[in-house]
Amino acid sequence: MIARWGSLFVISAPSGSGKTTLVRNLLASVDSMKFSVSFTTRPKRPSEREGVDYHFVTESGFRKMLAAGDFLEWAEVYGNLYGTSRSQTETIRARGDDVVLDVDVQGAAQVRRADPEAIMIFVLPPSFSTLEDRLRQRQQDSEKAIAGRLINARSEVHHYQDYDYVLINENLAASSEILRAIVLAERARPARLGERIRRILDSFEKG
């Protein structure tokens with residue numbers, strides 16, 4: 001018997017804050033935690049795997065899902081569509097597993113409206129200069145792209161107050177432990193353990 005309905009954890013951050021690595025560490029260190037793989041109309045890159053990096057669909061297929069209300073959140077980015085499937089996350093949660101979403105601040109706002117119980121976590125870099133250094137050190141973007149990411153970051157950081165937790169990622173190991181602690185603490189809330197608590201209390205009545 002499933003003792004609980006899984007929780008929905010939403011993690012947002014400016015690009016370069018270390019969010020992807022934090023999520024990867026979380027999935028590796030916490031049991032019953034699953035990553036929600038987004039749907040996209042973007043062409044698959046050679047290194048990407050269907051169902052692991054994204055679910056790659058046609059625009060018409062995406063639009064059908066959108067019309068059916070099957071997206072917790074969605075956005076158009078540089079002409080491509082991206083979205084988080086509601087039915088996919090609910091299937092995972094129905095098994096008692098928690099789901100973690102990696103979305104931007106606009107997507108997070110959509111998720112909060114769709115599921116007010118979602119647990120929102122915002123990752124901040126320790127400073128603007130640190131963020132700029134990290135973006136350059138990873139050597140993934142052109143100067144133009146880096147400039148665009150930094151412009152977006154100046155706006156995104158002010159959304160921290162829309163979240164339940166703020167994680168300042170100065171040290172990756174320490175931040176990974178804090179993120180893990182947030183998840184474990186949320187799992188211990190009475191409202192999230194209702195069915196299991198009731199069974200325990202029943203055992204006291206019958207014992």
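Just so we're clear, the structure is a prediction, and the values are computed from it rather than from any experiment.

(A) A look at the sheet that holds strand S6 (residues 80-85). With mixed pairing, the four strands of this open sheet are ordered in space as S4-S3-S6-S5. The open sheet is flanked by strand S4 (55-56) and strand S5 (71-77), the only strands paired with a single partner. Bridge count between strand S3 (residues 39-40) and S6: two bridges; the pairing is antiparallel. The residue of S6 that forms the bridge with Thr40 is Tyr82.

(B) Spotlight on helix H7 (residues 172-187). For H7, spanning 16 residues, the distance from its first C-alpha to its last is 23 Å, which sits close to the expected 22 Å at 1.5 Å a residue. Every buried residue belonging to H7 is among Ser175, Ser176, Leu179, Ile182, Val183, Glu186 and Arg187, and all of these are buried. Burial along H7 is one-sided: seen end-on, the buried residues are contained in an arc of 140°. Those residues of H7 that are buried lie in contact with strand S1 (8-12), helix H1 (19-29), strand S2 (33-35), strand S7 (98-102), strand S8 (119-124) and strand S9 (165-168). Near the N-terminus of H7, the side chain that reaches the backbone nitrogen of Ala173, with its oxygen 3.1 Å away, is that of Asn171.

(C) Local environment of the pattern of salt bridges. For the structure on display, the rule yields twelve salt bridges. Salt-bridge contacts for Arg63 lead to Glu59; the nearest nitrogen and oxygen are separated by 3.4 Å. A residue pair is termed a helical-turn pair when its members lie 3 or 4 positions apart in one helix, as Arg63 and Glu59 do in helix H2 (residues 59-67) at four residues. For Arg63, a relative accessible area of 37% corresponds to the partly exposed category. Classification of Glu59 as partly exposed rests on a relative accessible area of 46%. Three or more residues are tied together by salt bridges with common partners; here these are Glu132, Arg136 and Glu143.

(D) Representation of the pairing of S8. Counted residue by residue, S8 has six buried out of six residues, so it is predominantly covered. Along S8, one buried face is formed by Ile119, Ile121 and Val123 and the opposite face, lined by Met120, Phe122 and Leu124, is buried too. Here S8 runs beside S9; their pairing, made up of four bridges, is parallel. When the sheet's bridge partners are listed, Phe122 is paired in S9 with Val166.

About the cut-offs
- Residues numbered from 1 in each chain as written.
- Predicted model: local features only at pLDDT ≥ 70, side-chain atom pairs only at ≥ 80, totals over all residues.
- Heavy atoms only, no water.
- Pairing = 2+ DSSP bridges.
- Helix = DSSP H or I, 4+ residues; strand = E, 2+ residues; numbered from the N terminus.
- Expected span 1.5 Å × (residues − 1).
- Buried < 20%, exposed > 50% of the residue type's maximum accessible area, 1.4 Å probe, protein only.
- Arc of directions from axis to C-beta.
- Contact = heavy atoms within 4.5 Å.
- Polar contact = N/O pair within 3.5 Å; in protein donor to acceptor, adjacent residues only side chain to side chain.
- Salt bridge = Lys/Arg side-chain N within 4 Å of Asp/Glu carboxyl O.

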